[in-house]
Amino acid sequence: GRKVMEEARHSAIQFAQSHGRKPSLAVITVGTLKRYTHASRRVQLYSNHSQSWFTKTDTGRANGFDVTEIQLDAETTTTDKLLSEIYKIRDKVDGIQIMWPFPPHIDSAR
């Protein structure tokens, strides 16, 4: 936990020094992940905003990363729409994290 965060922070500092900007990450979620419905309470009980994967934007900011969260509607997002969002952001960030699971109608093999 803490050692990984320290290594990530150090890596972000080195990246910023080399590239003149913070490293960036896009986090894409399709729908609401049921296991995260109590995320804010879990952060209060077990962690803090600078080290919790429940608060990616705050954790990123606290550790030298720019994080963009993209929330797509589960009912209206198709596989093509998801792929379009990925293609649209891929050249604007250094990494993309796609949250699982997908709704059943999304083709994860594509």
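The structure this text deals with has already been given above.
Below you will find a few notes about this structure. Note that the structure is predicted; figures quoted are calculated from it, not measured.

1. Focus: the sheet that holds strand S3 (residues 95–98)
- What the three strands build is an open sheet, ordered S2-S1-S3; its pairing is parallel. Across the chains shown, the open sheet's two edge strands, defined by having one partner strand only, are strand S2 (66–72) and S3. In this sheet, adjacent strand axes meet at a mean angle of 20° when their direction is disregarded.
- As defined by bridge partners, strand S1 (residues 24–30) adjoins S3 across four bridges and the pair is classed as parallel. Paired with Leu 25 across the strands is Gly 95, a residue of S3.

2. Some remarks on the environment of Thr 57
- Structurally, Thr 57 is set in helix H3 (residues 56–62).
- In this structure Thr 57 comes out as partly exposed when scored by relative accessible area, which is 23%.
- In this structure Thr 57 touches Val 67 and Glu 69, once residues within four positions along its chain are discounted.

3. Here we look at helix H4 (residues 79–89)
- Restricting attention to buried positions, one finds in H4 the residues Thr 79, Leu 82, Leu 83, Glu 85, Ile 86 and Ile 89. Projected down its long axis, H4 shows its buried positions confined to an angular sector of 155°, all on one face.
- Buried residues belonging to H4 abut S1, S2 and S3.

4. Here's the deal with the packing of aromatic side chains
- A full pass over the atoms with the stated rule returns one aromatic pair.
- Taken together, a centroid distance of 4.4 Å and an interplanar angle of 45° make the contact between Trp 100 and Phe 102 tilted.
- On the accessibility criterion, Trp 100 (45% relative accessible area) is partly exposed.
- Residue Phe 102 is classed as buried on the basis of its relative accessible area of 16%.

5. Side note on the environment of Val 27
- Following the sequence through the fold, Val 27 ends up in strand S1.
- Separated by 44 residues in the primary sequence, Val 27 and Gln 71 place their C-alpha atoms 8.3 Å from one another.

6. Thoughts on the pattern of salt bridges
- Here the structure, examined in full by the defined rule, presents five salt bridges.
- A salt bridge links Glu 85 to Lys 88, with the nearest nitrogen and oxygen atoms 3.1 Å apart. Within this pair, Glu 85 and its partner Lys 88 are both found in helix H4, separated by three residues, close to a single helical turn.
- One salt-bridge network, held together by shared partners, links Lys 81, Glu 85 and Lys 88.

Basis of the calculations
Residues numbered from 1 in each chain as written. Predicted model: local features only at pLDDT ≥ 70, side-chain atom pairs only at ≥ 80, totals over all residues. Heavy atoms only, no water. Pairing = 2+ DSSP bridges. Helix = DSSP H or I, 4+ residues; strand = E, 2+ residues; numbered from the N terminus. Axes fitted to C-alpha atoms, helices over the stretch in contact; angles between N-to-C directions. Buried < 20%, exposed > 50% of the residue type's maximum accessible area, 1.4 Å probe, protein only. Contact = heavy atoms within 4.5 Å. Arc of directions from axis to C-beta. Phe/Tyr/Trp six-rings, centres within 6.5 Å; stacked < 30°, edge-to-face > 60°. Salt bridge = Lys/Arg side-chain N within 4 Å of Asp/Glu carboxyl O.

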